[in-house]
Amino acid sequence: MKTMFRAALMGLVLTGSAGFSAQAFPVKAGQGSYSDPGITDDTIKIGLFAPLSGPAQAYGEDPLNAARMWYETVNSMGGIWGRKIELVIEDDRCNANDLVAAVKKLVEQDKVFMINGGSCSAAAVAAQEYVTRAKVPYVMLNASGDGALYPPTDYIFGAISISQRAVGGTAVDFATRHLKGKKIGYINHDDAYGAWNLETAEFTAKEAGATLSVESINPNITDVTAPLLKIRAFNPDVIILTTYARPATLILKKAHELGMKMPIILTVTGTANLKQLVDNVGTKDAFKNFYVQDVINDTPDGPKQKWVLDMYKKRYPELAAKPDHPTPYMPYGIPAAQTVTHALLLAGPNPTREGVARIMRSLTFESGVMAGLISYGENDRAGQESSIFLKFDGDKQELQPGVYVSRWVYKP
Amino acid sequence: MPITLPAKLGSLAVALIALIVLPHLTTGYVVYLANLMLIYIILALGLNILIGETGQFGLAHVAFYGIGIYTTAILAGRFDVPFPVAIVAGMLLAGAIGFLLGAVSFRMRDIYLALSTFAFGEAMQWVFKSWDDVTNGPNGMRIPQASMFGFRITNDHDAYYIVLAVTIVVVLATVALMRSRLGRAFRAVRESEPAALALGVNVRLTKVIAFTLSAVYAGLAGGVYASFSSFIHPDSLGFTTTILVLTMIVVGGLGSIAGAIMGALILGLIQELLRQAPSYQEIIYGVILILFMMYAPKGVAGAIKARFGRSAAK
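Not measured: the values here are computed from a predicted model.

*Asks:* Hey, could you run me through the packing of aromatic side chains in this one?
*Replies:* Each aromatic ring pair is specified by the distance between its two centres and by the angle formed by the two planes. All names here are of chain A. One pass over the full model with this rule turns up 23 aromatic pairs over all chains. Seen from their ring centres, phenylalanine 174 and tyrosine 291 are 5.5 Å apart, and the 65° between their planes marks the pair as edge-to-face. With phenylalanine 174 in helix 7 (residues 164-177) and tyrosine 291 in strand 11 (residues 290-294), this residue pair connects regions lying 117 residues apart in the sequence. Among the aromatic side chains, those forming a connected cluster through ring pairs are Phe174, Tyr291, Phe389 and Tyr404. Against the face of phenylalanine 234 rests lysine 183, its NZ or CZ located 5.0 Å from the ring centre. The aromatic ring of tyrosine 291 is capped on one face by lysine 391, whose charged end is 5.4 Å from the ring centroid.

Structure, rendered in structure tokens:
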């Protein structure tokens, strides 16, 4: 496990700015005056934010805890180029006005060098115009944030958990390659997330020669009989659900009642609490041919995730002792913080905001946490576009072979 | 001890000077908050006309605010309509829909009116979320950079004096309105509809006007918000925001212009300050509201009036 941790810590920078020789957290900082705020010879200030109160707290608090423990670990190893990372933490309440206020406070009042935060896509998108104008590098925490990533801008980087577009594409890829599905029933939401994941699902299905039958449902739906009967009439080989947990519960229940035996895949959008899902569906028989998508590199308690769990338990023993902790989203905070520390490292001893943003636009690294590489490109600001799949029988999760990488590419 | 007229004028002058110099003394973050609070003041004044002055428990205020924002953003962004014209259009559209809502719901009162207007607010949020071609649906909508009278608004500082000027005009207009015959008719309807009828007040028309004016204020607030904000998402236009504005006028003091202003400022500030205490903010917020209700049941304006005399918090 030490190897895994060290690999993640050192960044394993696969590509980066040309000519940089990979050296982990060098100790000699630059000296003198700096053109951008938030940086001194000894410190560099990062603004970290997430929903830390209200109904969305569960989405943001633990990823923020994970990011914080990563920054603290880097500090304990001497910081970056000898500079300790100083965190200024804000609550964005998962609300556009509050998130913009938090970002403006961090940038204009606390004078941070760059910002890292946001667990809610709609709120995160609200900050786009401001950060672009202020030219402050912004790395999202665990918001997919597709709305701010396509078309790409120079300062915003997100989808560190996974982009919504990759959610749909990789689920169809798994359904066609692993489960050999040719006819796929696809139930998504009639919102932005649903539209985004359907776009790549259709792309991947076409590539694989598969046919999709799509039912787009409202997230607040209370009766799923009609859409599910339509899907059944299509006689699919596999059903993919990209819904949230509550509609997924209704669908699984109804599919079981209707005797639908084909494999059902639930994407990461609805897998926050699998135990609760089983309790709500009411019978484990509904999970006999059931798969879940995940975006980390192993089962949550698997060997590749052990270093993350150990680090969390050590840093937050009281939280770790609470039920349902860490939350499934916790690990996503680490690669978000790694994106920041790796970019700072590669930017050299005298980093500028402009330089860090430029580095990030071509940054690729292995996080040791997520299913695929964290990778940005000329037209790609979505960090993570891979997923794994687990067979879940209502009790145990069994890792399925392979990592599924989205092949959809944004074309300007 | 009553507050004298010179003392009142002196306080107003100090407040005005403070507001004018504010952007020169502080960061863009504080100016952004100031802009938001000025918007809250316009919203609170509008809701106060309906609930505080006329006694009509309407809960659709944020829907009209949303209509103002979207109309301004769409007209300015897609049709290149000058921003001031777009703001006026948003205000008028909100007013027209407010008129219709008032016309169909004038017979309702109390909880029935609250529920029907709440339903309208929810329906409008659904429209904002679902009418993809017009509002861009759940993706939210980007608002173009505003330009007014040849002056381009590129940041919060640029917008501040425009938002401040609009707010001052709205406050003065509201004072004039409340001192007018119509203002007295609003209060007569609030106190007793049969008595108002006996005094020759057209109760039905008065209620519809209150609905319309309240919606016009909310539409104006939305349009002005669009001048300094770059993005709107339907999630911001839900019941939480309605409750926030309602709390502002209750904490400030129902039926008082000064109360609506103070409520908007107090709640706006508390909301922002509590972001610094995420673990306890819901509890602290709840305790503050309980304390207000216990020790200032008639709102801040009522408490000031009781302490300093009648003229202090009008």
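What follows continues from the structure just given.
*Asks:* Can you help me understand the state of the cysteines in this one?
*Replies:* Disulfide: a covalent bond formed between the sulfur atoms of two cysteine residues. All names here are of chain A. One pass over the full model with this rule turns up one disulfide over all chains. Each disulfide pairs two cysteine sulfurs, and for cysteine 94 the partner residue is cysteine 120, the sulfurs being separated by 2.0 Å. On the S-S bond that ties cysteine 94 to cysteine 120, the torsion sits near -120°, and the link is left-handed. Remark: cysteine 120 occurs in the loop between strand 4 (114-117) and helix 4 (121-126) and cysteine 94 occurs in the loop between strand 3 (84-91) and helix 3 (96-109); sequence separation between them is 26 residues.

*Asks:* Teacher, can you tell me more about unusual backbone geometry here?
*Replies:* Note: most peptide bonds trans; most residues except glycine with negative phi. A:Tyr150 connects to A:Pro151 through a cis peptide bond whose omega is -5°. At the junction of A:His325 and A:Pro326, the peptide bond is cis and its omega measures out at -5° in the coordinates. When you line up the elements, A:Pro326 lands in the loop between helix 13 (317-320) and helix 14 (333-346). For A:Ala159, which is not glycine, the phi dihedral falls at a positive 50°. Position of A:Ala159 among the secondary structure elements: in the loop between strand 6 (156-157) and helix 7. The backbone of B:Asn136 shows a phi angle near 65°, a positive value even though the residue is not glycine. With relative accessibility at 34%, the residue B:Asn136 sits in the partly exposed group.

*Asks:* What exactly am I supposed to notice about a nonpolar patch on the surface here?
*Replies:* Residues and elements named next belong to chain B. A contiguous nonpolar surface patch, about 790 Å² in accessible area, is contributed by Leu16, Ile17, Leu19, Ile20, Val21, Leu25, Tyr161, Ile168 and Leu172. Going through the elements one at a time, helix 1 (5-25) and helix 7 (156-179) are the ones with two or more residues in the nonpolar patch. Per-element accounting of the nonpolar patch gives the leading share, six residues, to helix 1. For isoleucine 168, the position within the fold is in helix 7.

*Asks:* What am I meant to see in the interface of chain A and chain B here?
*Replies:* Size of an interface, as often reported, equals the accessible area lost when the parts are brought together. Counting residues at the interface gives 28 residues for chain A, matched by 28 residues for chain B. For the pair chain A and chain B, the two sides together bury roughly 2,300 Å², of which 45% comes from carbon and sulfur. Of all residues in chain A, the largest losses of buried area upon contact with chain B belong to A:Arg93, A:Asn97 and A:Lys104, amounting jointly to 24% of the total for that side. At the surface where chain A touches chain B, the tally comes to two salt bridges. Residue B:Asp156 pairs with A:Lys104 through a salt bridge whose shortest N-O separation is 2.7 Å. In this assembly, chain A and chain B are joined by 13 residue pairs in polar contact (both at pLDDT 80 or more). Those elements giving two or more residues to the side of chain A that touches chain B turn out to be strand 3, helix 3, helix 4, helix 5 (128-134), helix 6 (146-149) and helix 8 (192-208) of chain A.

*Asks:* Quick question: what am I supposed to make of the nonpolar core here?
*Replies:* One broad trend across soluble globular proteins is that nonpolar side chains are buried collectively. The biggest cluster of nonpolar side chains holds 118 residues, and the ones touching the most others in it are A:Val103, A:Ile115, A:Tyr138, B:Ile39, B:Phe64 and B:Tyr65. Looking at this core element by element, the count peaks at 19 residues for helix 2 (residues 28-53) of chain B. Both domain 1 (25-237) and domain 2 (238-314) of chain B contribute no fewer than three residues apiece to this core. With residues near it in sequence (within four places) discarded, A:Ile115 still touches A:Gly47, A:Phe49, A:Val103, A:Leu106, A:Val107, A:Val131, A:Val136, A:Pro137, A:Tyr138 and A:Val139. In terms of nonpolar packing, the next biggest core, distinct from the first, is built from 55 residues, A:Met69, A:Trp70, A:Ala337 and A:Leu346 among them.

*Asks:* How should the packing of helix 3 (residues 61-78) of chain B against helix 4 (residues 83-105) of chain B be read in this particular structure?
*Replies:* Two packed helices can be described by the angle between their axes and the distance between those axes. All names here are of chain B. Viewed as axis vectors pointing N to C, helix 3 and helix 4 meet at an angle of 145°, and their least axial separation amounts to 8 Å. For the pair helix 3 and helix 4, the crossing hand works out as right-handed. Residues Phe64, Ile67, Gly68, Thr71, Thr72, Leu75 and Ala76 of helix 3 lie in contact with helix 4, whose contacting residues are Phe83, Ala86, Ile87, Ala89, Gly90, Leu93, Ala94, Ile97, Gly98 and Leu101. Broken down by class, the residue content of the contact of helix 3 with helix 4 amounts to 12 nonpolar, five polar and no charged.

*Asks:* Looking at this structure, I do not really get the pairing of strand 2 (residues 43-50) of chain A. What am I missing?
*Replies:* Consecutive side chains along a regular strand alternate between the two faces of the sheet. Residue and element names in this part refer to chain A. Burial analysis of strand 2 places six of its eight residues in the buried class, which makes it a mostly covered element. In the sheet, strand 2 pairs with strand 3 via eight bridges, with the strands oriented parallel. Across the sheet, the residue bridging to lysine 45 is glutamate 86, located in strand 3. A crossover links strand 2 with its parallel partner strand 3, the connecting element being helix 2 (residues 57-76), and its sense is right-handed. Bridge count for strand 2 against strand 4 is four bridges, and the pairing is parallel. By the bridge assignment, glycine 47 is partnered in strand 4 with isoleucine 115.

*Asks:* Any chance you could explain the domain arrangement of chain B here in plain terms?
*Replies:* All names here are of chain B. For chain B, the domain assignment lists domain 1 (25-237) and domain 2 (238-314). Here the C-alpha centroids of domain 1 and domain 2 sit 20 Å apart. In this complex, domain 1 contributes 29 residues to the contact, which on the side of domain 2 involves 22 residues. Taken over both partners, the interface formed by domain 1 and domain 2 buries close to 2,000 Å², and the fraction arising from carbon and sulfur atoms is 79%. Its largest share of buried area at the contact with domain 2, domain 1 owes to Met37, Tyr40 and Asn48, together 25% of the area lost on that side. Along the contact surface separating domain 1 from domain 2 lie zero salt bridges. At the surface where domain 1 touches domain 2, the tally comes to three residue pairs in polar contact (both at pLDDT 80 or more). Those elements that place two or more of their residues in the side of domain 1 that touches domain 2 are helix 2, helix 3, helix 5 (110-130) and helix 7. Examining the composition of the side of domain 1 that touches domain 2, we find that 13 residues originate from one element, helix 2, more than from any other.

What counts and what doesn't
Residues numbered from 1 in each chain as written. Chains lettered and ligands numbered in written order. Predicted model: local features only at pLDDT ≥ 70, side-chain atom pairs only at ≥ 80, totals over all residues. Heavy atoms only, no water. Phe/Tyr/Trp six-rings, centres within 6.5 Å; stacked < 30°, edge-to-face > 60°. Helix = DSSP H or I, 4+ residues; strand = E, 2+ residues; numbered from the N terminus. Lys NZ or Arg CZ within 6 Å of the ring centre and 35° of its normal. Disulfide = S-S within 2.5 Å. Buried < 20%, exposed > 50% of the residue type's maximum accessible area, 1.4 Å probe, protein only. Patch = residues over 30% accessible without salt bridge, like charges linked within 9 Å, V, L, I, M, F, W, Y side chains within 5 Å. Areas by Shrake-Rupley, 256 points an atom, 1.4 Å probe, with all protein chains shown as cover. Salt bridge = Lys/Arg side-chain N within 4 Å of Asp/Glu carboxyl O. Contact = heavy atoms within 4.5 Å. Buried area = accessible area lost by both parts, 1.4 Å probe. Polar contact = N/O pair within 3.5 Å; in protein donor to acceptor, adjacent residues only side chain to side chain. Core = buried A, V, L, I, M, F, W, Y, C linked by side-chain atoms within 4.5 Å. Domains from an automatic or database assignment. Axes fitted to C-alpha atoms, helices over the stretch in contact; angles between N-to-C directions. Left-handed = near helix turned anticlockwise from the far one by under 90°. Nonpolar A, V, L, I, M, F, W, Y, C, P; charged D, E, K, R; others polar. Pairing = 2+ DSSP bridges. Right-handed = clockwise from strand over helix to strand, strands pointing away.

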